[in-house]
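# Observations on the three-dimensional arrangement
The lines below spell out each chain.
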Amino acid sequence: MTLVEARNLPSHVGIIMDGNGRWAQQRNLSRVRGHKEGSHAARRIIRAARRLGLRALTLYAFSEQNWARPEDEVDALMELLREFLLSEREEILENGIRLNAVGNLGRLPALVRAVLDPLRRESKENHEMTLTLALSYGGREEIVNAARELARAVAAGKLAPEDVTEQALHGLMPSLQVGDPDLIIRTSGERRISNFLLYGLAYSELHFADVLWPDFTAEDFYQAIASYQARERRYGLTGNQIEHLSLGQQPANGTSSNGLRPADRAEAARIAV
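If you look the chain up in an unreviewed UniProt entry, it shows as Isoprenyl transferase from Pendulispora brunnea. If you open the UniProt record of the chain and go to Subunit (unreviewed entry), you find "Homodimer." As recorded by UniProt, the Sequence similarities (unreviewed entry) comment attached to the chain reads in full: "Belongs to the UPP synthase family."

Spelled out as structure tokens, the structure:
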């Protein structure tokens, strides 16, 4: 049983759900069956995140590059996505979850949009947790789109070149409207980011789990959270500076604590999960 601190939770967790195909291959099953089992794992982890009280969870469900997969597999994935949204609708609404989606959503088939769009509208006022599905999503593509918007604004005279800042670029990225990810989890033993939340993960903690996604349990998720809580996040500062910030003091060089999330060393309140 893993112990997770109650007061030092990551605010935004992103997950690269990897390993469905290999899970199926190891059992001589179809890749579609692996994706179906992966949807069950997604349901488990969404519930675990909500129980912990996470503010935002982003699941990498389908990348821009995934469109190049065999047509029958893509079709099956879209049908599974539709089924997932239909089956989770009631739980999302009853538990105050706001459903969001980021990516090139215009590429999604009508059968998915017919379920996704109404659920986004119905849940938009919910505030217990934001569940974001990255669909037809690519981190590089998102950066390019944001840069293109700024370029248009400069060309139209609405922005000066010096107004093109990190903050301006950040503000045009839909995936980061819930804030930068504090923790990125990838399953299946791979050690790659695979074009996921590239701009926002500059200072994210990374956790790589060897378990394949369909086998990823709530306990595995809690272990990832506990691993995050055991780390000191320095954001380019020194350990001494972070210690000063955690005690509410200003470091010697005047560095601001704005935006930092140092480990809460005060109360050792814990939740047994």
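What follows continues from the structure just given.
## As for the packing of aromatic side chains
Applying the stated criterion to the full structure yields 6 aromatic pairs. For the pair tyrosine 60 and phenylalanine 196, a centre-to-centre distance of 4.6 Å together with 15° between the ring planes defines the contact as stacked. Taken together, the residues span a long stretch of sequence, with tyrosine 60 in strand 3 (residues 56-63) and phenylalanine 196 in the loop between strand 6 (183-186) and strand 7 (205-208) at a distance of 136 residues. Taken as a pair, tyrosine 60 and phenylalanine 196 share a single burial class, namely buried. Consider the rings of tryptophan 213 and phenylalanine 216, whose centres lie 5.3 Å apart with planes at 25°: the pair is stacked.

## Quick word on helix 3 (residues 71-94)
Compared with an ideal rise of 1.5 Å per residue, which puts 24 residues at 34 Å, helix 3 spans 35 Å between its outermost C-alpha atoms and is within 8% of the ideal. Considering bend angle alone, the principal kink of helix 3 is centred on glutamate 88 and spans about 45°. Regarding helix 3, the residues found buried are Glu73, Val74, Ala76, Leu77, Met78, Leu80, Leu81, Phe84, Leu85, Glu88 and Ile92. Taken together, the buried residues of helix 3 touch helix 2 (31-52), strand 3, strand 4 (97-102), helix 4 (110-123) and strand 5 (129-137). Downstream of helix 3 by one or two residues, glycine 96 has phi in the positive range, about 70°.

Conventions adopted
Residues numbered from 1 in each chain as written. Predicted model: local features only at pLDDT ≥ 70, side-chain atom pairs only at ≥ 80, totals over all residues. Heavy atoms only, no water. UniProt positions renumbered as here; feature names shortened; annotations may be inferred. Phe/Tyr/Trp six-rings, centres within 6.5 Å; stacked < 30°, edge-to-face > 60°. Helix = DSSP H or I, 4+ residues; strand = E, 2+ residues; numbered from the N terminus. Buried < 20%, exposed > 50% of the residue type's maximum accessible area, 1.4 Å probe, protein only. Expected span 1.5 Å × (residues − 1). Bend = angle between axes of the 7 residues up to and from the residue. Contact = heavy atoms within 4.5 Å.

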